[in-house]
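# Remarks on the overall topology
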Amino acid sequence: MVVTGTDRRVLAANEAGAELLGWTVTDIVGQAIADQVSPSERNHVAAREDKVLAGEPQRYETRVLNHRTKEERDVAVSSGPFRVDGELIGTVATLRDVTDPKRAQETLARSEARYRHLVESASDAIVTLDANGRFTTVNHAAENISGYKREELVGQWFAPMLPDDDLPKALGHFQQALAGETGLFDSQFYRKDGEVRTISITYSTPQKDEEVLCLIRDVTDQKMLQEQLIQSEKMSAIGQLVSGVAHELNNPLAGISAFAQLLLAEKKFPPDQRTAAETIYSEARRASRIVQNLLTFARQHKAEKVPTSINQVLDDTLELRGYELRVRGIDVRREYDDSLADTMADAHQLQQVFLNLITNAEQAMEQRDGHHHRLTVRTRRNGEAVRIEVEDTGGGIPANLIERIFNPFFTTKPTGSGTGLGLSISLGIVREHEGRIWAENVASSGARFIVELPIIQARTSGEMPAITHVQAASGNDSLRVLVVDDEASVRVSLQRYLAGRGHHVETTASGEDALVRLRDAKYDAVIVDMRMPDLSGEQLYERLRSGDPGHAERVIFTTGDLVNEQMKRFLDGTGRPCVPKPFEFASFDQALPAARRR
């Protein structure tokens, strides 16, 4: 307690008041009260004291200065007029030191402000729920993830936001949380706009049986990406599997094709049986193309732009989906511009684009029952570009979605039926080719996807072709040929054909046996299969190149797996010709050396 006169000097103070201001009870008497107040607060205190001297009691907070320690302290002041026998002689004030509580309050306020800032700026939703499962607090991220405003969420029960399949699991975890457990689980939920998203929920219990705290993260895109990576791994595994199977399939196909060619070469072959042989030959070639297309598509491929026929890429892609299209009763109509020039493009990447568009069209038409469906694929020149159209007779694209279909992870298909990456990947591939891709609805029904690619003339390069050809042998050049292949049908068919062309032909199923023969005799040509059980074509060639370079320069390779990147690099390095299986006999006429054996 401090008493001051009308001159604003201290008349008296109790021991607590004097100690607060840094004086003794005796020494404080006569001190100007303004000197006991922090300089920044003096005008404020003087104005308050003027009101007290005018008869108006005051309650306020200020800051006083300790005379001895020079420390400033926060005080709560209650001041009133001091009268003796009715005469005003000054003011009497009680001062309560509130420094520590005020600093604690400020620290708490700062802490709460930091907490609010952290919670509100968090990218994950942070919510609390009461014991009945109703939202009590939500942060800004919760609004973004759910699509609801804060005031719409607070007081709402969480259950209607979850699908029926996920609700029992969520309720079980909620009961565990109320019991004081912590945990983590994934669930789907409905946004306000009806979109289904996948969330990861981490929960704990600040107040047992009363409140549950949840940290919620939208993992929809992450799940999509994981599914895409899994799909990519599956495709890689398929590529490895098909690579191994392709050779085994192409060997019997090579035999079937070769013997069909031998039958067709027979001049006395009956016409009715010729038709059967032509069918066998045609179907063998078709099966070979399907195997090659599957192998090409499944294997990861490095982008490489070469002169490409767009019509041929479309045909190859349609052949991949031929069975599915027929089973679904979809009529395929090709409206090609046959005069289109080749353009520099990556056929493998474009095949992926066209396959995505054709597959999407199939699925769109499948969802529309009771209609005769037709898939129309068109090509035409549009100025300096090639225009490709893939048109279906499905239900079309909703107008509000047509601008979003190329967004990554956006899909209208049911959960588990698509990753939403097909069209976005296609968009990226087309842009890499400096082209455009867009979609539009057809006036009658269905949708049409349009791809425009610039026509780029083939650029000359200093590279030599990977597979070389030499001049065909004339009829008088009888050559000595060694055929090395573990497939009996390939050996027999080649022996018959080449012998019929006047060549002397020997065959063997073993690479090791071939080396023995090559040491003992000279051959004009050595036809070697790339894959054999005892010694591969690559190993055989390397042995010849180091020990018998003359025969190494006469090797002709055959293989059923030209898509294998490692094999292609090896063949490019040798510069030797390679005839893919199933083969045309005419390919060997081109590859055999022109000179007679010396």
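Below: a short report on this structure. (Residues numbered from 1 in each chain as written. Predicted model: local features only at pLDDT ≥ 70, side-chain atom pairs only at ≥ 80, totals over all residues. Heavy atoms only, no water.)

### Describing the overall build of the protein chain
Each helix and strand counted, the protein chain has 18 helices and 22 strands in total. In the protein chain, buried positions account for 43% of the 598 residues. The contacts in the protein chain between residues at least 6 apart in sequence include a share of 60% that link residues at least 24 apart. By element, 50% of the accessible surface of the protein chain is carried by carbon and sulfur atoms, the whole surface being about 31900 Å². (Helix = DSSP H or I, 4+ residues; strand = E, 2+ residues; numbered from the N terminus. Buried < 20%, exposed > 50% of the residue type's maximum accessible area, 1.4 Å probe, protein only. Contact = heavy atoms within 4.5 Å. Areas by Shrake-Rupley, 256 points an atom, 1.4 Å probe, with all protein chains shown as cover.)

### Quick look at the sheet that holds strand β14 (residues 374-382)
With respect to topology, five strands assemble into an open sheet ordered β12-β14-β15-β17-β16, the strand pairing being mixed. Whereas interior strands pair on both sides, the edge strands pair on one side only; in this sheet they are β12 (331-335) and β16 (436-441). Averaged over all pairs of adjacent strands, the angle between strand axes in this sheet comes to 15°, irrespective of strand direction. Direction of pairing for β14 relative to strand β15 (residues 385-391): antiparallel, over a ladder of seven bridges. Among the inter-strand pairings, Val377 is bridged to a residue of β15, identified as Val390. (Pairing = 2+ DSSP bridges. Axes fitted to C-alpha atoms, helices over the stretch in contact; angles between N-to-C directions.)

### Description of the side chain of Ser79
Structurally, Ser79 is set in strand β4 (residues 72-84). With relative accessibility at 3%, the residue Ser79 sits in the buried group. Leave out the neighbours within four places in its chain, and Ser79 touches Glu49, Val52, Pro57, Gln58, Thr91, Val92 and Ala93.

### So, the environment of Ala170
Positionally, Ala170 belongs in helix α6 (residues 167-178). Along the primary structure Ala170 and Phe185 are separated by 15 residues, whereas in three dimensions their C-alpha atoms are 8.2 Å apart. Ignoring anything within four residues of it in the chain, the contact list for Ala170 reads Phe158, Leu162 and Phe185.

### Considering the pairing of strand β3 (residues 58-65)
Relative to β4, β3 runs antiparallel, the two being bridged by eight bridges. From the neighbouring strand, Leu65 faces β4, where its bridge partner is Glu72. Hairpin remark: β3 followed by β4, antiparallel, with six residues in the connecting loop; positive phi at Lys70, about 65°.

### Focus on unusual backbone geometry
Each neighbour pair has its own omega, and for Lys581 with Pro582 the value is -15°, a cis peptide bond. Residue position: Pro582 is located in the loop between β22 (578-580) and α18 (585-591). Positive phi outside glycine occurs at Asp85, with the angle close to 55°. By the element assignment, Asp85 lies in the loop between β4 and β5 (87-97). Assessed through its relative accessible area of 80%, Asp85 is described here as exposed. Phi at Glu434 is positive, roughly 60°, even though this residue is not glycine.

### Let's talk about the nonpolar core
Ile310, Phe354, Leu357, Leu375, Ile388 and Phe449 are the most contacted members of the largest nonpolar core, which has 36 residues in total. For this core, the secondary-structure elements that each account for two or more residues are α9 (310-320), α11 (347-366), β14, β15, α12 (422-432), β16 and β17 (447-454). The element contributing the most residues to this core is α11, with seven residues. Within the second largest apolar cluster, 26 residues are counted, among which are Leu129, Ala159, Leu167 and Phe185. (Core = buried A, V, L, I, M, F, W, Y, C linked by side-chain atoms within 4.5 Å.)

### Observations regarding the pattern of salt bridges
For the structure shown, the criterion picks out 41 salt bridges. Its salt-bridge partner being Lys102, residue Glu61 comes within 3.5 Å of it at the nearest N-O pair. A residue pair is termed long-range when its members are at least 10 positions apart, and Glu61 in strand β3 and Lys102 in helix α3 (residues 99-121) qualify at 41 residues. Residue classification places Lys102 among the partly exposed positions, given a relative accessible area of 26%. With a shortest N-O distance of 3.8 Å, Arg197 and Asp221 are connected by a salt bridge. You can see Arg197 sitting in strand β9 (residues 196-207) and its partner Asp221 sitting in helix α7 (residues 220-265), a full 24 residues away along the chain. Each member of the salt-bridge network shares a partner with another, and the members are Glu335, Arg378, Arg380, Arg387, Glu389, Glu391, Arg436, Glu440, Arg448 and Glu452. (Salt bridge = Lys/Arg side-chain N within 4 Å of Asp/Glu carboxyl O.)

### Observations concerning the packing of aromatic side chains
Between two aromatic rings, the relevant description is the distance of the centres plus the angle of the planes. This model, assessed by the stated rule, comprises nine aromatic pairs. With a centroid separation of 4.2 Å and an interplanar angle of 5°, the aromatic rings of Tyr497 and Phe585 are classed as stacked. Here Tyr497, found in helix α13 (residues 488-500), pairs with Phe585, found in helix α18; they are 88 residues apart in sequence, far enough to count as distant. Residue placement shows Arg480 over the ring face of Tyr523; its charged tip is 4.7 Å from the ring centre. (Phe/Tyr/Trp six-rings, centres within 6.5 Å; stacked < 30°, edge-to-face > 60°. Lys NZ or Arg CZ within 6 Å of the ring centre and 35° of its normal.)

### Examining the packing of α11 against α12
At a closest axis distance of 9 Å, the pairing of α11 and α12 adopts a crossing angle of 145°. Viewed along their axes, α11 and α12 form a crossing whose handedness is left-handed. Contacts from Gln349, Gln352, Val353, Asn356, Leu357 and Asn360 in α11 reach Gly422, Leu423, Ile425, Ser426, Ile429, Val430 and Glu432 in α12. (Left-handed = near helix turned anticlockwise from the far one by under 90°.)

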